[in-house]
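As a plain string of letters, each chain reads:
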Amino acid sequence: MQTPLSRKPKILIVDDEPAMVRLLLKFIERRFGDRAQAEGTIDPTDAKKRINDQLIDLLVTDLEMPGISGMEILRAAKRRNAFTQVLFITGHSSHESLLDALELGATDYLVKPVVEESFLELIAEALKRHHRWRVALSETWRDVTPVSVAEWV
Amino acid sequence: MSNVAQENRPVYSDLGGDPDLGELVEMFVDEMEDRIQSLRGAFDAGDLDKLRTLAHQLKGAAGSYGFGTITDAAFAVESSVRRQLSTPQIEHELESLLSLCRRARAGVPS
């Protein structure tokens, strides 16, 4: 049985450029193999649907896409699951947009063109951070005894 | 090397020799003709917003696929539109980009 801590982390890649999605998925696959589940989409609406339907642990999204900002995807992901780590990939960014991203809880960002090693380093760090949150959360739940639950109601 | 020789020289990806990535690079190169048509079409239609978006997308993707020179040329197109340069100046940058795109090759130099 898969416990919350043994579950493979789920990664979602969002970029309006199909070639980028293919490449980033390949980078993840060859470093993490079957230790993580990664999927991608070029459609921001589809991205939001996947975020709502599944528990995404790590979201990697382009910041600047036609018709939608990566910031909107970040908000959707954080609303669904506050523990979702969010990495932005950007072609160029203004000071303001990076500050906005930080304020909304972005984990980190990477400037395109993407270099495989730098990308995978950020993914590994984000997954470690996410794992620490899950461990902390699971320990918190373990401490919630029936008595303490009863105190809440 | 003369300009003419440089303009005919194939452009190879830095990742072309990577056995895991060769197929993806090949796909990227195969799609180049569609990108060329879209970029040229946007310019001919006077749709500079679209041209800027397409150049921006190519700028990010090409370098990630190991085609750094294409990224630089796509940046020049994007930047020329952003700075509202004259139509001939934008076209000049676009032609340089398209020339590189036409010469993009998968694999490694023989």
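Everything discussed here concerns the structure shown above.
Residues numbered from 1 in each chain as written. Chains lettered and ligands numbered in written order. Predicted model: local features only at pLDDT ≥ 70, side-chain atom pairs only at ≥ 80, totals over all residues. Heavy atoms only, no water.

Section: the overall build of chain A
Then, in step 1: Across its full length, chain A carries six helices and seven strands.
Then, in step 2: The N-to-C order of helical and strand elements in chain A reads β-α-β-α-β-β-β-α-β-α-β-α-α.
Then, in step 3: Counting across all 153 residues of chain A, residues that qualify as buried make up 43%.
Then, in step 4: If you take every contact in chain A between residues at least 6 apart in sequence, the share linking residues at least 24 apart comes to 70%.
Then, in step 5: Carbon and sulfur atoms provide 57% of the accessible area of chain A, an area that totals close to 8,300 Å². (Helix = DSSP H or I, 4+ residues; strand = E, 2+ residues; numbered from the N terminus. Buried < 20%, exposed > 50% of the residue type's maximum accessible area, 1.4 Å probe, protein only. Contact = heavy atoms within 4.5 Å. Areas by Shrake-Rupley, 256 points an atom, 1.4 Å probe, with all protein chains shown as cover.)

Focus on the side chain of A:T90
Residues and elements named next belong to chain A.
Then, in step 1: Among the secondary structure elements, T90 is positioned in strand β6 (residues 85-90).
Then, in step 2: Looking at T90, the relative accessible area reads 2%, which means it is buried.
Then, in step 3: Discounting residues that sit within four places of it in the chain, T90 has contacts with D62, L63, Y109, L110, V111 and K112.

Some words on the sheet that holds strand β2 (residues 37-41) of chain A
Backbone-to-backbone hydrogen bonds pair the strands of a sheet. The strands run either parallel or antiparallel.
Residue and element names in this part refer to chain A.
Then, in step 1: In spatial order, the strands read β2-β1-β3-β6-β7; together these five strands make up an open sheet with parallel pairing. Among the strands making up the open sheet, the edge pair consists of β2 and β7 (108-111). Strand-to-strand twist of the sheet, defined as the mean angle between neighbouring strand axes without regard to direction, takes the value 15 degrees.
Then, in step 2: Relative to strand β3 (residues 58-62), strand β1 (residues 10-14) is paired through four bridges, and the arrangement is parallel. Of the residues in β3, the one forming a bridge with I13 is V60.
Then, in step 3: Packing of helix α1 (residues 18-32) onto the sheet brings it into contact with β1, β2 and β6, and relative to β2 it is tilted by some 175 degrees.
Then, in step 4: Contacting β1, β3 and β6, helix α3 (residues 70-80) runs over the sheet at an angle of about 165 degrees to β3. (Pairing = 2+ DSSP bridges. Axes fitted to C-alpha atoms, helices over the stretch in contact; angles between N-to-C directions.)

A look at the pattern of salt bridges
If the charged atoms of two oppositely charged side chains come close together, the side chains can form a pair.
Then, in step 1: According to the stated counting rule, one finds 18 salt bridges over all chains in the structure shown.
Then, in step 2: With a closest N to O distance of 2.9 Å, A:E39 and A:R50 form a salt bridge. Remark: A:R50 occurs in helix α2 (residues 44-53) and A:E39 occurs in strand β2; sequence separation between them is eleven residues.
Then, in step 3: Taking the relative accessible area as the measure of exposure, A:R50 reaches 21% and is therefore partly exposed.
Then, in step 4: What emerges from the salt-bridge pattern is a single network uniting A:R30, A:E116, B:D18 and B:D20. (Salt bridge = Lys/Arg side-chain N within 4 Å of Asp/Glu carboxyl O.)

Without other data, these values stay purely geometric and don't point to any function.
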